[in-house]
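Breakdown of the fold
The chain contents come next:
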Amino acid sequence: MSLLIKSLAFHSLPDPLFEQTPDVQTGFEQLVPVIEQQTRDVVACLADDEKKSIERHFLCSTMIELPFTSGALQWNDIRKNIRKDDIPMPCTYVNAYECASWGYSLRYFLTRPSSRYLLVSILDANLMDFEFWRHNENWGHSGFGLCTLLLEADDSAMESLTTGCATTYNSTAEFATIIRRHMMSVEDVTLALPFFPDHIRQIFTRMLNGSPQLPDLHEQYGHCFGSDPWLTILQHGLDNTIQEQQDFLACSIALNGYFSMAQVSINSDTQLLFQKSERLPS
Amino acid sequence: MTLKLTEYQGVLSRTPFPNRPSQALAQTMPLMNESDFRMMASLPTSDARVFLSFADYFEVLARLVELTLEHNSDIEMILVKISMPSGSRLPKSLLNEKVLMLQDIHSEQERLQNENIPFVVIEDYLCRFRLQQGDNRFFYRCYHQDSEANLDEVTTYLADTGFEGEVNRVH
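What comes next concerns the included structure. (Residues numbered from 1 in each chain as written. Chains lettered and ligands numbered in written order. Predicted model: local features only at pLDDT ≥ 70, side-chain atom pairs only at ≥ 80, totals over all residues.)

1. Considering the overall build of chain B
Helix and strand content of chain B: 4 helices and 6 strands. Taken from the N to the C terminus, the helices and strands of chain B come in the order β-α-α-β-β-α-β-β-α-β. Summarising its shape, the C-alpha atoms of chain B cover approximately 60 × 35 × 30 Å along the three principal directions. For chain B, buried positions account for 36% of its 171 residues. In chain B, once contacts between residues fewer than 6 apart in sequence are set aside, the share between residues at least 24 apart is 77%. (Helix = DSSP H or I, 4+ residues; strand = E, 2+ residues; numbered from the N terminus. Buried ≥ 20, exposed ≤ 12 C-beta atoms within 10 Å, placed from the backbone. Contact = placed C-beta atoms within 7 Å.)

2. Things to note about unusual backbone geometry
At the junction of Asp-15 of chain A and Pro-16 of chain A, the peptide bond is cis and its omega measures out at 0° in the coordinates. If you trace the backbone, Pro-16 of chain A turns up in the loop between β1 (3–13) and α1 (24–43). Geometrically, the link from Met-84 of chain B to Pro-85 of chain B is a cis peptide bond, its omega value of 0° lying close to zero. Positive phi values are uncommon outside glycine, yet Glu-98 of chain A reaches one of about 55°. For Asn-116 of chain B, which is not glycine, the phi dihedral falls at a positive 60°. The topology assignment puts Asn-116 of chain B in the loop between α3 (106–115) and β4 (119–124).

3. Observations regarding the sheet that holds strand β5 (residues 137–144) of chain B
All names here are of chain B. Sheet architecture is open: 6 strands sit in the order β3-β2-β4-β5-β1-β6, paired in mixed fashion. Looking at the sheet topology across the chains shown, the edges are occupied by β3 (99–102) and β6 (163–170). Going across the sheet, the axis of each strand differs from the next one's by a mean of 15°, ignoring polarity. Both strand β2 (residues 77–81) and β4 contribute to a ladder of 4 bridges, which runs parallel. Bridged to Met-77 within β4 is Phe-119. (Pairing = 2+ DSSP bridges. Axes fitted to C-alpha atoms, helices over the stretch in contact; angles between N-to-C directions.)

4. A closer look at the interface of chain B and chain A
Between chain B and chain A, the contact holds 31 residues from the first and 29 residues from the second. Broken down by secondary-structure element, the contributors of at least two residues to the side of chain B that touches chain A are α1 (34–42), β3 and α3 of chain B. Class assignment for the residues of the side of chain B that touches chain A results in 14 nonpolar, 11 polar and 6 charged. (Nonpolar A, V, L, I, M, F, W, Y, C, P; charged D, E, K, R; others polar.)

Below, the structure is given as structure tokens:
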């Protein structure tokens, strides 16, 4: 089974996002060049015919829902406006599964994969500068950014993926148990967990102390929603020389208990990109 | 074999579960400062009547998914247009592996049509709260190789839960 990360990028976005918060539509338009540039950067490692073969680019989010629900933004209009001939811009917007949306998008794709490569982006930006999204008792300080994954999937890639929902309302502890059970059946896999402040992280620390884990980067970046596991894999790859294939279990859990786990690999050819920007112009 | 479309078009005209109390579960994001109030006030609001709660809404969607899978077992995928927030955990059937909930169905509907597999689209504009855009229209589309997909249970359920509409077959 294999889900190989060919390319992984994170663009850390500032808080506040803008010098002066514009209307939602203008604000989203300011993010489109960020999405386009990251898509270009991520697929740059592919040959032109491979780029053209990519049929799916899912854009996932936890935070950006009210602009669409209220009708201030229409995804179908955005999708048509951001289309490019030379790169696969996002076509499908998934936020129903909150922080676990990337895994459910993968599940949908892998049911009938239409190409060897696929793109998943995770965008969480405080478009409307709401205080609620800045800091929250459920996850502490938030971190904002755009993450894009270029994944290469083989025929058995679905076996690398687990999606589900907690059955109790003690979701984090239940998720930790599910992760622990999974880790007992695999070898040489390192955990990439969501970022939480210390008092929540302790659940993972205590229940998963027998498994190797990448660092929780909450203090450095805050809780970056569905991007967390990918950001810690990226940071690990940038901080270390990757000579041989390394396997990780990327894990995300949503506030309502939906969860996703994907066993993914990086190797010496994996392209890793990190970028940080100052406030966007209004 | 080419897919044939059978579509139900309707509108919700009353509360789906009359005389049954249900928790509203309506939660507005906490607004904490001047900017929060200003931004929230800048969003469009809907004039549509609100006939259902968050829980009612997801109950209707979940039942439609169940009826679809029970009576058209060869359906390979169900696309459900979902507007967040959910207010609470979604019913289990909406998390079924044959279901994808997404913000806008157009792109995936087009792709699945090209893949020529039997699938269903549930697209609604039902209003659960004033900040949600919608006019209470409802669409259920079944793309199927058979000339007449089985929509009887679905349309009966929709009629029982306050939808007024009709089925059109587009061959």
